[in-house]
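Chain and residue survey
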Amino acid sequence: MTDDLNVQALNELSNTDNPFTQVPIEITISVGKARPMVKELLLLGPDAVLPLDRGVDDPVELYVGDKLIARGELQEVEDDPNGQLAVRLTEIADLQNGI
């Protein structure tokens, strides 16, 4: 039922002349967090490795501002010679109350 509501809401948005539907938004993809001590941070330089709290295959989180909007998996864009990254969405947050 929620999926039907989301599809209906999306159809209504795309069928309106609301100028806000044309405004780009920035989505931040969080791949993990690091918690070094300040002295460790000060010692970082070129080629330093900062371990994160997640593995390569763990889900990433998508945020608009500080609002979690989805989760997904990192992957490379197919047939891109530069190895551009993309996110395949696996879970969408309930956005009924807005972002």
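Owing to the predicted nature of the structure, the values given are computational and were not obtained by experimental measurement.

1. A few points about the side chain of serine 30
Its location among the elements puts serine 30 in strand S1 (residues 28-30). The buried category is assigned to serine 30, whose relative accessible area is 17%. The contacts of serine 30, once residues within four sequence positions are left out, are Arg54, Val60, Glu61 and Tyr63.

2. Here we look at the sheet that holds S1
The antiparallel open sheet is built from 4 strands, whose spatial order is S1-S2-S3-S4. Every interior strand has two partners, whereas the edge strands, S1 and strand S4 (85-92), have only one. Here the strands of the sheet are splayed against their neighbours by 40 degrees on average, with no regard to which way each runs. As paired strands, S1 and strand S2 (residues 60-64) are joined by 3 bridges and run antiparallel to one another.

3. Describing a negative patch on the surface
The grouping of Asp53, Asp57, Asp58 and Glu73 at the surface amounts to a negative patch. Along the polypeptide, aspartate 57 turns up in the loop between helix H2 (38-42) and S2. Since its relative accessible area comes to 75%, aspartate 57 is described here as exposed.

4. A look at the pairing of strand S3 (residues 67-76)
Here S2 runs beside S3; their pairing, made up of 5 bridges, is antiparallel. Across the sheet, valine 64 pairs through a bridge with lysine 67, a residue of S3. Hairpin connection of S2 to S3: 2 residues between the antiparallel strands, including glycine 65 at a positive phi of 65 degrees. Sheet topology places S3 next to S4; 7 bridges connect them, and they run antiparallel. Its bridge partner lying in S4, leucine 74 is registered against valine 87.

5. What about unusual backbone geometry?
Phi angles above zero are rare outside glycine, and aspartate 47 is one such case at about 70 degrees. As for its placement among the helices and strands, aspartate 47 is situated in the loop between H2 and S2. Its identity as a non-glycine residue notwithstanding, aspartate 79 has a phi of 60 degrees, on the positive side. One can find aspartate 79 in the loop between S3 and S4.

6. Some details on the pattern of salt bridges
Inspection of every chain in the model, using the stated rule, returns 3 salt bridges. The residue glutamate 61 makes a salt bridge to arginine 71 at a minimum N-O spacing of 3.6 Å. Highlighted residues: glutamate 61 in strand S2 and arginine 71 in strand S3, separated in sequence by 10 residues. In this structure, arginine 71 engages glutamate 91 in a salt bridge whose closest nitrogen and oxygen atoms are separated by 3.2 Å. On the criterion of sequence distance, the pair formed by arginine 71 in strand S3 and glutamate 91 in strand S4 is long-range, its members being 20 residues apart. The exposure class assigned to glutamate 91 is partly exposed, which follows from its relative accessible area of 41%.

The rules we used
The residue numbers shown here count from 1 along each chain, following its written sequence. Since the coordinates come from a predicted model, pLDDT governs what is reported: local features require at least 70, and pairs of side-chain atoms require 80 or more to be given and counted, while whole-chain, interface and lining totals use all residues. With hydrogens and water set aside, each side-chain value is computed from the structure's full complement of heavy atoms. By the criteria applied, helices consist of DSSP H or I runs no shorter than four residues and strands consist of E runs no shorter than two, each listed in order from the N terminus. Exposure categories follow from relative accessible area, calculated using a 1.4 Å probe and restricted to protein chains: below 20% of the type maximum is buried, above 50% is exposed, and the middle band is partly exposed. Only heavy atoms enter the contact rule, under which two residues are in contact if any of them lie within 4.5 Å. Only strands that DSSP links by at least two bridges are regarded as paired with each other. Helix axes are fitted only over the stretch in contact, all axes being lines through C-alpha atoms; the angle between N-to-C directions runs from 0 to 180 degrees. Residues enter a patch when their relative accessible area is above 30% and they make no salt bridge; the linking distance is 9 Å between like charges and 5 Å between nonpolar side chains (Val, Leu, Ile, Met, Phe, Trp, Tyr). Throughout, the Shrake-Rupley method with a 1.4 Å probe supplies accessible areas, and for residues the shown protein chains are the sole cover considered. We count a salt bridge whenever a side-chain nitrogen from Lys or Arg sits within 4 Å of a carboxyl oxygen from Asp or Glu. Working convention for charge: Lys and Arg count positive, Asp and Glu count negative, and His plus the chain ends are omitted. For charged residues, the charge sits on one atom: NZ in Lys, CZ in Arg, CG in Asp, CD in Glu.

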